[in-house]
Amino acid sequence: MRKLSLVALSLIFLLSACAPSIGKQNEVVQTKEKDKGKAIIPKYNISDKYYRTILPFESGAARGLVVNNINTRFDLNEFEIGLMRIAQNSFDTEKYFFREGQEIKEKTIKQWLNRKYTPEQAKANGVKESENIGLNPVDTGPVGEPSSPIYLAHILEHDYLTKDDEGNVSLAGITIGLALNSTYYYKIQADNGGTIQKEQKIDHDDMVREGKKIAEEVVKRIRNMKNLADIPITIGLFAQESKTSVVPGNFFAYTTVDKGSSIINGWEPINEKYFLFPSSEAEEAHRDDVIAFKNFKQDVEKYFPNFNGVIGRAFYVGDQLHELNITIPIQFYGKTEGIGFTQYVTGLVMEHFPEYISVTVSVTSVDGPESLIVRKANENEPFVHIYQ
């Protein structure tokens, strides 16, 4: 707990020391794009895993769509952060600045996410030829029984900017995330006049094939946009999980298209996956890691014998466990009880998990978060915070 006290005191000192000169820690720049004017680049970056964000913050042009199109909050977070990880293969975090996508507008995204209509279907639905640009396949099946699933669930754009010697900032590259369905949900008419939701598991090879085909068309369309004709494009393919999943999906491939080009020459595989701890799937794939987690869980339950709510989400790159996020929902009857429990769990984290993985433990109750334990990879001392 000593580290917590030192961190708190250091933070107070840092804030008080920096407050008078905070303006000097940021850089005012001029954006080259029309009607943008002045912007601010933060001087400090909290981690080399992230990009500095251009301020004032501009929400993505199609921001409102993502919540409706992505199945779970877990998928949503991983879709955004995973796309940023992919971007680092093309855009250095030291040289490029981040901005939410501004180039592909919400109306365009909506049209791209539709199914393609036959001429007869377009006419019946009042869709103009210029608007019949859906990237999902035509449905030629009978009413209520689609001939093919919806493969493409969402399109996410991230913009990356650079600064020239005169302090002007301009767009230098974009990344596009294509979220693909692993499960297709649709509704059919019920005999009582209502609807019944059905689901269809999508074969992984079919999803990969369709995702790559959609990506080729997306690149061609982007090249026809005024501001995007001559900048690098990185595209990532993301397989989102089902609506009932408690772990996120994952990116499985990405490609980079050079500036001015409209051709995808090949794909780089991404070997990342999330597992739920404990689960039969995780135990089959990573038995030793699951055993370590179960031993941790058993020791937690020694503190509260009737409690068994410890769950974990494990992130693997290849066969290597990189991050483990553990949630412990529990009810305390006093603050000191929560402090004692947190101290006990902190010791278990250091005892049960190898140093090369990052471990985060969130202790929660019906009243909200109670404490947070963070042990970063290859660090000997964890960070612990007790919420007041």
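Notes on the structure in this doc start here. (Residues numbered from 1 in each chain as written. Predicted model: local features only at pLDDT ≥ 70, side-chain atom pairs only at ≥ 80, totals over all residues. Heavy atoms only, no water.)

### Points about the environment of Leu156
In this fold, Leu156 is placed in strand β5 (residues 152–163). A relative accessible area of 11% places Leu156 in the buried class. In this structure, the C-alpha to C-alpha distance between Leu156 and Leu65, residues 91 residues apart in sequence, is 9.5 Å. Not counting the four nearest positions on each side in its chain, Leu156 is found in contact with Phe79, Glu80, Leu83, Thr175, Ile176 and Gly177. (Helix = DSSP H or I, 4+ residues; strand = E, 2+ residues; numbered from the N terminus. Buried < 20%, exposed > 50% of the residue type's maximum accessible area, 1.4 Å probe, protein only. Contact = heavy atoms within 4.5 Å.)

### Section: the sheet that holds strand β17 (residues 383–386)
Taking strand neighbours across the sheet as the criterion, the 6 strands line up as β12-β13-β14-β15-β16-β17 in an open arrangement whose pairing is mixed. Each of the sheet's edge strands pairs with one partner strand only, and the pair in question is β12 (272–277) and β17. Neighbour-to-neighbour, the strand axes of this sheet turn through a mean angle of 15 degrees, independent of strand direction. Here β12 runs beside strand β13 (residues 311–317); their pairing, made up of 6 bridges, is antiparallel. Within β13, the residue paired with Leu276 across the bridge is Arg313. (Pairing = 2+ DSSP bridges. Axes fitted to C-alpha atoms, helices over the stretch in contact; angles between N-to-C directions.)

### A word on the pattern of salt bridges
Tallying each qualifying case throughout the model produces 15 salt bridges. Here Lys198 ties to Glu145 by a salt bridge, and the two come within 3.8 Å at their closest N and O atoms. Pair noted here: Lys198 is in strand β8 (residues 195–201) and Glu145 is in the loop between α5 (119–124) and β5, with a separation of 53 residues, a long-range link. With a relative accessible area of 31%, Lys198 lands in the partly exposed category. Its relative accessible area of 35% is what places Glu145 among the partly exposed residues. The salt bridge partner of Lys302 is Asp299, with a shortest N-O separation of 3.1 Å. Pair noted here: Lys302 and Asp299 are both in helix α8 (residues 287–303), with a separation of 3 residues, about one helical turn. Accessibility expressed as a relative area gives 61% for Lys302, which makes it exposed. Bridged by salt links that share partners, the residues Asp206, Arg209, Glu210 and Lys213 form one connected network. (Salt bridge = Lys/Arg side-chain N within 4 Å of Asp/Glu carboxyl O.)

### As for the packing of α8 against helix α9 (residues 335–352)
When two helices pack together, you describe them by how their axes are tilted relative to each other and by the distance separating the axes. Between α8 and α9, the least distance of the axes is 10 Å, while the angle of their chain directions is 155 degrees. Judged on the interaxial angle alone, α9 and α8 are roughly antiparallel. The interaxial crossing formed by α8 with α9 has right-handed handedness. Counting all contacts with α8, which are made through Ala292, Asn295, Phe296, Asp299, Val300, Lys302 and Tyr303, the residues of α9 involved are Glu337, Gly340, Phe341, Tyr344, Val345, Leu348, Val349, Glu351 and His352. (Parallel < 35°, antiparallel > 145°, perpendicular 65-115°, else oblique. Left-handed = near helix turned anticlockwise from the far one by under 90°.)

### With respect to the packing of aromatic side chains
Tallied over the full model, the rule gives 15 aromatic pairs. Taking 4.7 Å as the distance between ring centres and 35 degrees as the angle between the ring planes, the aromatic pair formed by Tyr274 and Phe315 counts as tilted. Highlighted residues: Tyr274 in strand β12 and Phe315 in strand β13, separated in sequence by 41 residues. On the basis of relative accessible area, Tyr274 is assigned to the buried category, the value being 13%. Taking the relative accessible area as the measure of exposure, Phe315 reaches 6% and is therefore buried. When the centroid spacing of 5.2 Å and the interplanar angle of 75 degrees are considered together, the rings of Tyr303 and Phe341 count as edge-to-face. Linking Tyr303 in helix α8 with Phe341 in helix α9, this pair joins segments that are 38 residues apart in sequence. Taken together, the ring pairs in this structure connect Tyr51, Phe91, Tyr96, Phe98 and Tyr160 into an aromatic cluster. One Lys or Arg, Lys243, reaches over the ring of Tyr185 and ends 4.5 Å from the middle of that ring. (Phe/Tyr/Trp six-rings, centres within 6.5 Å; stacked < 30°, edge-to-face > 60°. Lys NZ or Arg CZ within 6 Å of the ring centre and 35° of its normal.)

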